Amino acid sequence: MAAVGPTNLLIGAAPTRGPMGTPATGYKLAVLPRFVLRFDEHPVEVTLRSQRLLVLLVIERSRVRRSYLAGTLWPDGTEERASASLRSALWMLRHELRGAVVATGQHLELSPDVQVDYHAAVDLGAHLVGGETRPDGLGSDEHLLWYDLLPEWSEDWLLVEQERFRQMRLHALEALCARLVSNGMTGRAIHTALRAIAAEPLRESSHRVLIRAHIAEGNLSEALRQSRLFERLLRDELGIEPSAEFRHLTADLLPLASGDARAAVDDISRTGSWVTAR
């Protein structure tokens, strides 16, 4: 192992140059929506045990005690067995990775040189939900908010973080939609709102921002269609009606819509389909 300081050790040694002498770009770790690790853009295969350790370090995003990692990842055995499992996982990392994990005494952490899509998504979501202006404006990195955190994983220690991120990204998508509408970018706003609805079809606030985007674009019939479809969905799935805020959003639209649009909306109310009335 390569020494970094008096007590700091890199698990493996990261090269400073890549193949053919090109600069090494380092590790890129994706966990949205599935685990993919790359080094210098080349896929890196790691064992499931190593994946679990890396993911726990990702969501902690700081130095973590070895005892906590061992107890969290291997809770069913004794403390000694859990510690042995952690040592085994670290031994595997020395052979699978080069410099991705930093050991400091009784602590481990993910190397700051590892680029993690989850960290970028959390930072983006925090900016959007907090109403902050990003240096790059609206940017084009909203794709970071399209997917959940490892939805195929069902680890007990991951469940709370999965739900926390799901809620954050839905709020962030809605906030981004509203910001795009206010900047006249209604096409992107509609696409963004539909992403939120795809993640949670029964979420009223996502349908509201989509309807506002349709209204801002001048497509009253689209707004009415979306309103009636959501109302029907709530009745069919939950047996409830939308909130008063939702009903007020489209209450004044129907008299303004054309006869064809009103007929289409009536057809949706009866059948739940998108077929336009003839």
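Summary of the structure given here. It should be emphasised that the depicted structure is a prediction, and the values quoted were computed from it without experimental measurement. (Residues numbered from 1 in each chain as written. Predicted model: local features only at pLDDT ≥ 70, side-chain atom pairs only at ≥ 80, totals over all residues. Heavy atoms only, no water.)

**Structural notes on the nonpolar core**
Nonpolar side chains in soluble globular proteins tend to be buried together. Core analysis: the largest hydrophobic core is formed by 62 residues, its most contacted members being Val31, Phe35, Leu53, Leu97, Tyr118 and Leu149. Looking at this core, the element that brings in the most residues is helix α5 (residues 156–182), giving 10 residues. Not counting residues within four places of it along the chain, the set of residues in contact with tyrosine 118 comprises Val31, Leu32, Val58, Ile59, Leu149, Glu161, Arg164 and Phe165. Listed in part, the eight residues of the second largest apolar core include Ala223, Leu224, Phe230 and Phe246. (Core = buried A, V, L, I, M, F, W, Y, C linked by side-chain atoms within 4.5 Å. Buried < 20%, exposed > 50% of the residue type's maximum accessible area, 1.4 Å probe, protein only. Helix = DSSP H or I, 4+ residues; strand = E, 2+ residues; numbered from the N terminus. Contact = heavy atoms within 4.5 Å.)

**Re the side chain of serine 85**
Summarising the element assignment, serine 85 is placed in helix α3 (residues 79–96). Overall, serine 85 belongs to the buried group, its relative accessible area being 12%. Excluding its chain neighbours within four sequence positions, the residues that come into contact with serine 85 are Arg49 and Trp74.

**Here's the deal with helix α4 (residues 117–129)**
A rise of 1.5 Å per residue sets the reference length of α4, with its 13 residues, at 18 Å; its end C-alpha atoms lie 18 Å apart and thus fit the reference within 8%. Residues of α4 that are buried: Asp117, Tyr118, His119, Ala121, Val122, Leu124, Gly125 and Leu128. Structurally, α4 contributes buried residues whose contacts are with β2 (27–30), α1 (48–60), β8 (115–116) and α5. (Expected span 1.5 Å × (residues − 1).)

**Regarding the environment of valine 209**
With respect to the helices and strands, valine 209 occurs in helix α7 (residues 204–216). For valine 209, a relative accessible area of 12% gives the class buried. Sequence-distant contacts of valine 209, defined by excluding residues within four places in its chain, comprise Glu174, Cys177 and Ala193.

**Considerations on the packing of α1 against α3**
One can describe the packing of α1 onto α3 by two numbers: an axis separation of 9 Å at closest approach and a directional angle of 100°. One element, α1, and the other, α3, form an angle in the roughly perpendicular class. Within the contact between the two elements, α1 uses Arg49, Ser50, Leu53 and Leu54 and α3 uses Ser85, Leu86, Ser88, Ala89, Leu90, Met92, Leu93 and Glu96. For the contact of α1 with α3, a count of residues per class yields seven nonpolar, three polar and two charged. (Axes fitted to C-alpha atoms, helices over the stretch in contact; angles between N-to-C directions. Parallel < 35°, antiparallel > 145°, perpendicular 65-115°, else oblique. Nonpolar A, V, L, I, M, F, W, Y, C, P; charged D, E, K, R; others polar.)

**Let's talk about the pattern of salt bridges**
A side chain of one charge can pair with a side chain of the opposite charge if their charged atoms are brought near each other. Here the structure, examined in full by the defined rule, presents 16 salt bridges. Two residues, arginine 208 and glutamate 204, come together in a salt bridge whose shortest N-O distance is 2.7 Å. Placement of both arginine 208 and glutamate 204 in helix α7 is noted, with a separation of four residues, approximately one turn of the helix. Like glutamate 204, arginine 208 is buried. Two residues, glutamate 245 and arginine 212, come together in a salt bridge whose shortest N-O distance is 3.6 Å. A residue pair is termed long-range when its members are at least 10 positions apart, and glutamate 245 in helix α9 (residues 244–251) and arginine 212 in helix α7 qualify at 33 residues. The class of glutamate 245 is partly exposed, set by a relative accessible area of 44%. (Salt bridge = Lys/Arg side-chain N within 4 Å of Asp/Glu carboxyl O.)

**Here we look at unusual backbone geometry**
Here the bond from leucine 32 into proline 33 is cis, since omega is 0°, no more than 30 degrees from zero. Locating proline 33 in the fold gives a position in the loop between β2 and β3 (36–39). Phi is positive for glutamate 41, which is not a glycine, with a value near 70°. Position of glutamate 41 among the secondary structure elements: in the loop between β3 and β4 (42–43). The partly exposed category is assigned to glutamate 41, whose relative accessible area is 42%.

**A short note on the sheet that holds β8**
One open sheet holds the four strands; their spatial order is β4-β3-β2-β8, and the pairing between them is mixed. Of all the strands in the sheet, just β4 and β8 have a single pairing partner and so form its edges. Judged from the two bridges that link them, β3 and β4 form a sheet pairing that is antiparallel. Looking across to β4, one finds that phenylalanine 39 is bridged to histidine 42. (Pairing = 2+ DSSP bridges.)

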